[in-house]
Amino acid sequence: MTWRRRLAVVGTVLAVLAAAFGVALWGKGPFDGRAYPSSRWDKSMGEIFDQFQVRVPDCALADLRYWSGDYIDDTLYLTFASDAPCVDGFLRDNQLAGGTAVSRDDALRFRDDKRTDWGWYEDDSTSYLRFRSRPLAGTEITVEVTTGQGRSRVYLHGVEF
């Protein structure tokens, strides 16, 4: 086989692969810039929040980041920073009350590779308020909020099993 023929074969294979990739992504819509890399593409942010029954107020959207995966258990990670009224509204809208104070060491114990890669818990807080909820049967939400004055950071981990 000549080098021209080999080049033509390679070019054809690459064109077919590019077309297959385009067809696979057809209709998926633009990737949400607030999603962390490798987050699922088959559902919008709103659909994911609905799946976990998580309500996020508009005041939290400016700094919001999230990730969701569809594996054996569907998973949601969400973080945002906002002022106290916004965070209080988030807690109220999600029926999260009676948080338990946890130390920084206790909060860090539950970090996984994803949260480490994203820089979660690199704030200056020495303690957090932890809330747990089961908004739906088979769904569990854990929320940790930085304590103190001014802006607070919310960290949410949800699992649907």
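The rules behind each value
Residues numbered from 1 in each chain as written. Predicted model: local features only at pLDDT ≥ 70, side-chain atom pairs only at ≥ 80, totals over all residues. Heavy atoms only, no water. Helix = DSSP H or I, 4+ residues; strand = E, 2+ residues; numbered from the N terminus. Buried < 20%, exposed > 50% of the residue type's maximum accessible area, 1.4 Å probe, protein only. Contact = heavy atoms within 4.5 Å. Areas by Shrake-Rupley, 256 points an atom, 1.4 Å probe, with all protein chains shown as cover. Salt bridge = Lys/Arg side-chain N within 4 Å of Asp/Glu carboxyl O. Pairing = 2+ DSSP bridges. Polar contact = N/O pair within 3.5 Å; in protein donor to acceptor, adjacent residues only side chain to side chain. Phe/Tyr/Trp six-rings, centres within 6.5 Å; stacked < 30°, edge-to-face > 60°. Lys NZ or Arg CZ within 6 Å of the ring centre and 35° of its normal.

A. Molecular detail of the overall build of the chain. Of regular secondary structure, the chain possesses five helices and six strands. In the chain, the succession of helices and strands from N to C terminus is α-α-β-β-α-β-α-α-β-β-β. Relative to its full complement of 161 residues, the chain shows a buried share of 38%. In the chain, the proportion of contacts linking residues at least 24 apart, taken out of those at least 6 apart, comes to 53%. In the structure as shown, the chain presents an accessible area of about 9,700 Å², 55% of it carried by carbon and sulfur atoms.

B. Broad picture of the pattern of salt bridges. Going through the model one piece at a time under the given rule, you end up with ten salt bridges. Between D123 and R104 there is a salt bridge, and its shortest N-O distance comes to 3.6 Å. Taken as a pair, D123 in the loop between α5 (113-117) and β4 (127-133) and R104 in helix α4 (residues 104-109) lie far apart in primary sequence, 19 residues in all. Residue classification places R104 among the partly exposed positions, given a relative accessible area of 24%. In this structure, R134 and E140 form a salt bridge, with 2.9 Å as the shortest nitrogen-oxygen distance. The network of salt bridges with common partners includes R40, D42, D70 and D74.

C. Representation of the pairing of strand β5 (residues 139-146) in the model. For β5, the tally of buried residues reaches seven of eight residues, placing the bulk of the element in the interior. Here β4 pairs with β5 via six bridges, running antiparallel. Bridge pairing in β5 links F131 to V143. Following β4, the chain reverses through five residues before pairing antiparallel with β5; G138 in that reversal takes a positive phi of roughly 85 degrees. Here β5 pairs with strand β6 (residues 152-160) via seven bridges, running antiparallel. When the bridges of β6 are listed, I141 appears paired with G158.

D. Quick look at the environment of Y66. Among the structural elements, Y66 can be located in strand β1 (residues 65-70). On the basis of relative accessibility, which here comes to 3%, the residue Y66 falls in the buried class. In this structure, the C-alpha to C-alpha distance between Y66 and F80, residues 14 residues apart in sequence, is 8.8 Å. Filtering out sequence-adjacent residues up to four positions away, Y66 remains in contact with D32, R34, A35, Y36, S39, M45, I48, Y77 and L78.

E. Structural detail: the side chain of D32. If you trace the backbone, D32 turns up in the loop between α1 (3-25) and α2 (45-51). Assessed through its relative accessible area of 18%, D32 is described here as buried. From its side chain, D32 meets the backbone nitrogen of R34 in a polar contact 2.9 Å long. Residues in contact with D32, not counting those within four places in the same chain, are M45 and Y66.

F. View of the environment of A81. Looking at the element boundaries, A81 is found in strand β2 (residues 74-82). C-alpha of A81 to C-alpha of Y155: the two residues are 74 residues apart in sequence and 9.0 Å apart in space. Other than its neighbours up to four places away in sequence, A81 contacts D63, R151, S152 and R153.

G. Expanded view of the packing of aromatic side chains. The full count for this structure, using the stated rule, is twelve aromatic pairs. Judged by centre distance (3.9 Å) and plane angle (10 degrees), the rings of Y36 and W118 are stacked. Taken together, the positions of Y36 in the loop between α1 and α2 and W118 in the loop between α5 and β4 put the pair 82 residues apart, joining distant regions of the chain. For Y36, a relative accessible area of 6% translates into the label buried. Connected via pairs of aromatic rings, a cluster forms that spans Y36, W67, Y77, W118, W120, Y121, Y128 and Y155. R65 extends its terminal NZ or CZ atom over the ring of Y36, reaching a point 4.3 Å from the ring centre. When the ring centre of W67 is taken as reference, the NZ or CZ atom of K114 above it lies at 4.3 Å.

Any link to function would need more than the numbers given here.
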